Amino acid sequence: MNIEIVKASYNDLQLLHKIQVEAFRPLLEKYKDYNTNPGNEIIDQIIRRYNQNFTTYWLIKNHGKIVGGVRVVNKGDRCYRVSPIFIQPLEQGKGMAQKTFKILEDYYYDAEKWELDTILQEKALCYLYEKLGYKKTGKTEEIKEGMTIVYYEKHM
């Protein structure tokens, strides 16, 4: 595995959107959450976020091939938020997200805090983030019955 991140250009957004939709499709089908699931976003939402001066979209590459993407939001006061991170379905479970987090933490060396959220009922996702050093903040948000968002942070 040879993971690297490259800042996405405007021309990359269609591909990022396609990968994001594919990556989140299983969760969209499982929870039927059409309001907040990134798998249900239209390209215009990604373009709008791309144009925010506090947002950076990154391509995740493995051996030069684009396998995913991640959006990093600069919240100010040395606080950054990952929302979302996604890997193509056939590439998931190979440790690419873990390596991507390490690369992001090295790149944003000034960060004092990282934030993210995920679905509480998705134990594998919670385990991944906790393994990376993220701690639950205690804040949760019930999106619908059987689906709760749990918030995490990591202090550097």
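A brief look at the structure comes next. These numbers were taken from a predicted model, which means no experiment stands behind them. (Residues numbered from 1 in each chain as written. Predicted model: local features only at pLDDT ≥ 70, side-chain atom pairs only at ≥ 80, totals over all residues. Heavy atoms only, no water.)

Some remarks on the overall build of the chain
Looking only at helices and strands, the chain has four helices and seven strands in total. In the chain, the succession of α and β elements from N to C terminus is β-α-α-β-β-β-α-β-α-β-β. Each principal axis of the C-alpha atoms in the chain carries an extent, and together these give about 40 × 35 × 30 Å. Of all 156 residues assigned to the chain, the portion counted as buried reaches 47%. Counting contacts in the chain only where the partners sit at least 6 residues apart, residues at least 24 apart contribute 59% of the total. With the model as given, the accessible surface of the chain reaches about 8700 Å², and the carbon-plus-sulfur share is 48%. For the chain, the centre of its 24 positive side-chain charges and the centre of its 21 negative side-chain charges are spaced 3 Å apart. (Helix = DSSP H or I, 4+ residues; strand = E, 2+ residues; numbered from the N terminus. Buried < 20%, exposed > 50% of the residue type's maximum accessible area, 1.4 Å probe, protein only. Contact = heavy atoms within 4.5 Å. Areas by Shrake-Rupley, 256 points an atom, 1.4 Å probe, with all protein chains shown as cover. Lys, Arg positive; Asp, Glu negative; His and termini not counted. Charge placed at Lys NZ, Arg CZ, Asp CG, Glu CD.)

Notes on the packing of helix H1 (residues 13-31) against helix H2 (residues 43-50)
One can describe the packing of H1 onto H2 by two numbers: an axis separation of 10 Å at closest approach and a directional angle of 125 degrees. Considering their axes alone, H1 and H2 lie oblique with respect to each other. Read as a crossing pair, H1 and H2 show a hand that is right-handed. Facing H1, whose interface residues are Leu13, Gln14, His17 and Gln20, H2 presents Ile43, Ile46, Ile47 and Tyr50. (Axes fitted to C-alpha atoms, helices over the stretch in contact; angles between N-to-C directions. Parallel < 35°, antiparallel > 145°, perpendicular 65-115°, else oblique. Left-handed = near helix turned anticlockwise from the far one by under 90°.)

Observations concerning the sheet that holds strand E2 (residues 55-62)
Overall, mixed pairing links the seven strands, which are arranged E1-E2-E3-E4-E5-E7-E6 in an open sheet. Every other strand in the sheet has two partners, leaving strand E1 (3-7) and strand E6 (135-144) as the edge strands with one partner each. The average angle at which neighbouring strand axes cross in this sheet is 25 degrees, direction not considered. Sheet topology places E1 next to E2; five bridges connect them, and they run antiparallel. (Pairing = 2+ DSSP bridges.)

Structural notes on the packing of aromatic side chains
Taken as a whole, this structure holds twelve aromatic pairs when the rule is applied. With a centroid separation of 6.2 Å and an interplanar angle of 65 degrees, the aromatic rings of Tyr10 and Tyr50 are classed as edge-to-face. Residue Tyr10 is located in the loop between E1 and H1, and its partner Tyr50 is located in helix H2; the two are separated by 40 residues in the primary sequence. Accessibility expressed as a relative area gives 23% for Tyr50, which makes it partly exposed. Ring geometry for Tyr80 against Trp114: centres 5.4 Å apart, planes inclined by 35 degrees, an arrangement best described as tilted. Taken together, the residues Tyr80 in strand E4 (residues 79-87) and Trp114 in strand E5 (residues 113-119) connect sequence positions 34 residues apart. In this pair, the class of Tyr80 matches that of Trp114, namely buried. Every member of this aromatic cluster is reached through a ring pair, and the members are Trp58, Tyr80, Tyr107, Tyr108 and Trp114. Taking NZ or CZ as reference, Lys139 lies 4.3 Å from the ring centre of Tyr151, over its face. (Phe/Tyr/Trp six-rings, centres within 6.5 Å; stacked < 30°, edge-to-face > 60°. Lys NZ or Arg CZ within 6 Å of the ring centre and 35° of its normal.)

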